[in-house]
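Examining the three-dimensional arrangement
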Amino acid sequence: DLTLNFYSTSCPSAELVVRNTVRSASNMDPTVPGKLLRLLFHDCFVEGCDASVLLQGNGTERSDPANQSLGGFSVIDSAKRLLEIFCPGTVSCADIVALAARDAVELTGGPVVHIPTGRRDGKVSSASNVRPNIVDTSFTMTEMIKLFSSKGLSLEDLVTLSGAHTIGAAHCSAFSDRFQEDSKGKFTFIDTSLDNGYAEKLMKQCPPGANPSITVQNDPETSFVFDNHYYGNLLAHRGLFQSDSVLFTDSRSSKQVKNFAEDQVGFFESWVQSFLKLTSIHVKTGDEGEIRAFCPTANA
Ligand code: HEM
Ligand SMILES: [Ca+2]
Ligand SMILES: [Ca+2]
């Protein structure tokens, strides 16, 4: 099992080193926290929270198109490099990913979460495991509930963890399925439930043929602050992805969305619980897996 302060004797500075690395990287590049938080999600949903998402090479998870827009790898590598100096062969990459995401939330104003550690690094990473385990923005509510429940996460966890979209950014391609090109080459929004002003703004930011590297902010007013503003957006019909909007349009979750929009403390309390569940999915402990020496490759 995971335990609080797993490294207290083997590597007392472990959590501090991760925190300082995340802090200085985020100070230099404010897009870092969003990247680290999403990296955790994509790690934990595929093979559990085991750093499988970090492995490089042909046919690994990282090579799957669904993972092309992930980032934050260099921050994890920097923390690992330091930890290998202080306490060689001790702190897993899986724990670094979880701690870094936890710190990213706290650094952007979100709740403090004390997470247990002791995760071991996996040796399996296969691109073919990515699609069946990662939610696509086109998923229906029922499909999302089903996938989350296969990870031990409830509908309430789904609504809470989607609140991660209060920070970070997305590429135009991530929501282009909500646009439609008419016969004159004019783009319109298919999804008429979307706020008009917001839809127009998005279409301006992502014109046809736009540079594929352009990103838009998930939560335009406070995209660098971990707050409950995301839920206010959903109420105002300004959810960026179809999978965000549906949380408010579906009667199974609309009440929770409304509650969180009105009550940031309630959202934060729920976040702590759901984040603990997310970071515990299928963890490897004891003598399972290994402690990698270098996060992008399994030990020889
Ligand atoms: C519930 C279904 C979810 C879907 C369909 C979804 C989908 C997406 C997509 C398409 C992007 C944009 C990626 C890009 O174009 O660069 C994104 C960004 C992001 N997602 Fe999610 N996501 C979901 C849940 C989550 C969860 C549970 C978390 C974490 C707890 C999360 C954290 C993030 C973050 C922080 C970003 C911003 C990344 C950045 O700034 O680079 N998402 N998500
Ligand atoms: Ca994994
Ligand atoms: Ca925000």
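The written sequence of each chain sets the order in which its residues are numbered from 1. Working convention: letters from A go to chains and numbers from 1 go to ligands, in the order in which they are written. Since the coordinates come from a predicted model, pLDDT governs what is reported: local features require at least 70, and pairs of side-chain atoms require 80 or more to be given and counted, while whole-chain, interface and lining totals use all residues. Excluding hydrogens and water, the side-chain values take into account all heavy atoms of the structure.

Re the coordination of the iron atom of ligand 1
The sole protein-derived ligand of the iron atom of ligand 1 is His165 (NE2), positioned 2.1 Å away. Put simply, DSSP marks the helices as runs of H or I at least four residues long and the strands as runs of E at least two long, and each gets a number from the N terminus on. Relative to the elements of secondary structure, His165 occurs in the loop between helix H6 (155-162) and strand E1 (169-171). In this description, a donor is an N, O or S atom within 2.8 Å of the metal centre, a cutoff extended to 3.2 Å for sodium, potassium and calcium. Water is not part of the atom list, which can make sites seem incomplete.

Section: the coordination of the calcium ion (ligand 2)
Coordination of the calcium ion (ligand 2) by the protein involves Asp43 (O), Asp43 (OD), Val46 (O), Gly48 (O), Asp50 (OD) and Ser52 (OG), with metal-donor separations of 2.3 to 2.4 Å. Because the angles between the 6 donor atoms bound to the calcium ion (ligand 2) fall within 73 to 150°, the donor set is best described as irregular. When the donors of the calcium ion (ligand 2) are listed by position in the chain, the intervening gaps give D-x2-V-x1-G-x1-D-x1-S. Buried, partly exposed and exposed residues are distinguished by accessible area as a fraction of the type maximum, computed with a 1.4 Å probe on protein chains only: under 20%, between the cut-offs, and over 50%, respectively. Since its relative accessible area comes to 1%, Val46 is described here as buried. A four-donor site is classed as tetrahedral when every donor-metal-donor angle falls between 85 and 135 degrees; four donors are called square planar, and six octahedral, when trans pairs exceed 155 degrees and all remaining angles lie between 65 and 115, with any other arrangement labelled irregular.

Examining the site of ligand 1
Taken together, 25 residues lie around ligand 1, and Gly34, His165, Gly168, Ala169 and His171 are the ones closest in. In protein, a polar contact requires one atom able to donate a hydrogen and another able to accept it; more generally it is a pair of N or O atoms within 3.5 Å, and residues adjacent in sequence count only if both atoms are side-chain atoms. Taking His165, its side chain carries an N or O atom lying 2.9 Å from a nitrogen atom of ligand 1. Within the side chain of His171, one N or O atom sits 2.7 Å away from an oxygen atom of ligand 1. Of all the elements in the fold, those that place two or more residues in the shell around ligand 1 are helix H2 (32-44), H6 and E1. It is H2 that contributes the most residues to the shell around ligand 1, 5 residues altogether. Taken together, the residues of the shell around ligand 1 sort by class into 13 nonpolar, 9 polar and 3 charged. Segmentation into domains, and thus their bounds, comes from an automatic or database assignment. Each of domain 1 (14-134) and domain 2 (141-276) contributes no fewer than three residues to the shell around ligand 1. Put simply, a residue is near a molecule or strand once any heavy atom of it comes within 4 Å of that molecule or strand. Any residue outside Ala, Val, Leu, Ile, Met, Phe, Trp, Tyr, Cys, Pro, Asp, Glu, Lys and Arg is labelled polar, Gly included; the first ten of those are nonpolar and the last four are charged.

Regarding helix H3 (residues 73-86)
Given 3.6 residues to a turn, an α-helix orients residues that are three or four positions apart in the same direction. With 14 residues, H3 extends 20 Å from end C-alpha to end C-alpha; this agrees with the ideal 20 Å at 1.5 Å per step. Considered for burial, the residues of H3 that qualify are Phe73, Val75, Ile76, Ala79, Lys80 and Leu83. Down the axis, H3 shows its buried residues gathered within 160° of arc, on one side only. Every exposed residue of H3 that faces more than 90 degrees away from the buried side is listed here: Ser74, Arg81 and Ile85. Two residues form a contact once any of their heavy atoms are found within 4.5 Å. In this structure, the buried residues of H3 make contact with helix H1 (14-28), H2 and helix H4 (93-107). Helix span is expected to be 1.5 Å times the residue number reduced by one. This arc corresponds to the set of directions leading from the helix axis out to the C-beta atoms.

Focus on the state of the cysteines
Any pair of cysteine sulfurs within 2.5 Å is marked as a disulfide. As enumerated under the stated definition, the model contains 4 disulfides in all. With a sulfur-sulfur separation of 1.8 Å, Cys11 is cross-linked through a disulfide to Cys87. Here Cys11 is found in the segment before H1, whereas its partner Cys87 is found in the loop between H3 and H4, with 76 residues between them in sequence. The pair formed by Cys11 and Cys87 is uniform in burial state, with each residue classed as buried. At a sulfur-sulfur separation of 2.1 Å, the disulfide partner of Cys44 is Cys49.

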